[in-house]
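# Working through the structure, step by step
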Amino acid sequence: MTRILSLFLALFVALAACAPSTGPDGKPAKSAYRISPGDRGKLQFRMLDSVNALRSAAGSSPVQLDSKLNAAAATHARDMSLQNRPWHFGSDGSSPIDRINRVGYPGGLVGEVISETYETELETLAAWMDQPDTRRVIISPDARNMGFAWHQEKNGKIWWTLVTGS
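Residues numbered from 1 in each chain as written. Predicted model: local features only at pLDDT ≥ 70, side-chain atom pairs only at ≥ 80, totals over all residues. Heavy atoms only, no water.

Okay, the sheet that holds strand β4 (residues 158-165) next. On the basis of which strands lie adjacent, the open sheet formed by four strands has the order β1-β3-β4-β2 and mixed pairing. The open sheet terminates on both sides in strands that have one partner only, identified here as β1 (64-65) and β2 (109-117). Bridge count for β1 against strand β3 (residues 145-152) is two bridges, and the pairing is parallel. Counterpart to Gln-64 in the pairing with β3 is Asn-145. Against the sheet, helix α3 (residues 67-83) contacts β1, β2, β3 and β4, and its axis sits at roughly 30 degrees relative to β3. Each of β2 and β4 is contacted by helix α6 (residues 132-139), which is oriented at about 125 degrees to β2, the strand it contacts most. (Pairing = 2+ DSSP bridges. Helix = DSSP H or I, 4+ residues; strand = E, 2+ residues; numbered from the N terminus. Contact = heavy atoms within 4.5 Å. Axes fitted to C-alpha atoms, helices over the stretch in contact; angles between N-to-C directions.)

In this section: unusual backbone geometry. Positioned with a positive phi, Asn-84 is a non-glycine residue whose angle comes to about 55 degrees. Secondary-structure assignment places Asn-84 in the loop between α3 and α4 (96-102). Owing to a relative accessible area of 49%, Asn-84 belongs among the partly exposed residues under this scheme. (Buried < 20%, exposed > 50% of the residue type's maximum accessible area, 1.4 Å probe, protein only.)

Keep in mind these values describe shape, not function.
Here's what the structure looks like:
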């Protein structure tokens, strides 16, 4: 009898280990989103198209990707990773305005949105749109240009930065 109970217990433990793991929301846990080096342009244009669709729905004109704003966003995404915290100030004390000035962007800053996550760019955009302050930056009628970049760590964590300029 002890052998049978031990066998059932072992079988139960083995089957429990095969069950899909769930995240804190009770949904199946996802594997980390990995960005391949060849996806850079695809990701930027997928984000641009998504942002412009949201802007259109809000009655704002489309924005264009700007290489200088992309550079400012890339610098900040990497710097946030080095600091290991999502915030708008660089390790040298720079602000978003300082960063767009450094890259020679001729317009003004409309805003910057940032994130530290393991999620895709579109999941991150959806989270930004759920917050009034980041939503304002994305759909602001003053925005004419956009920069978008990220830095992904070896563990899969992604530091996203989106900058809009007038």
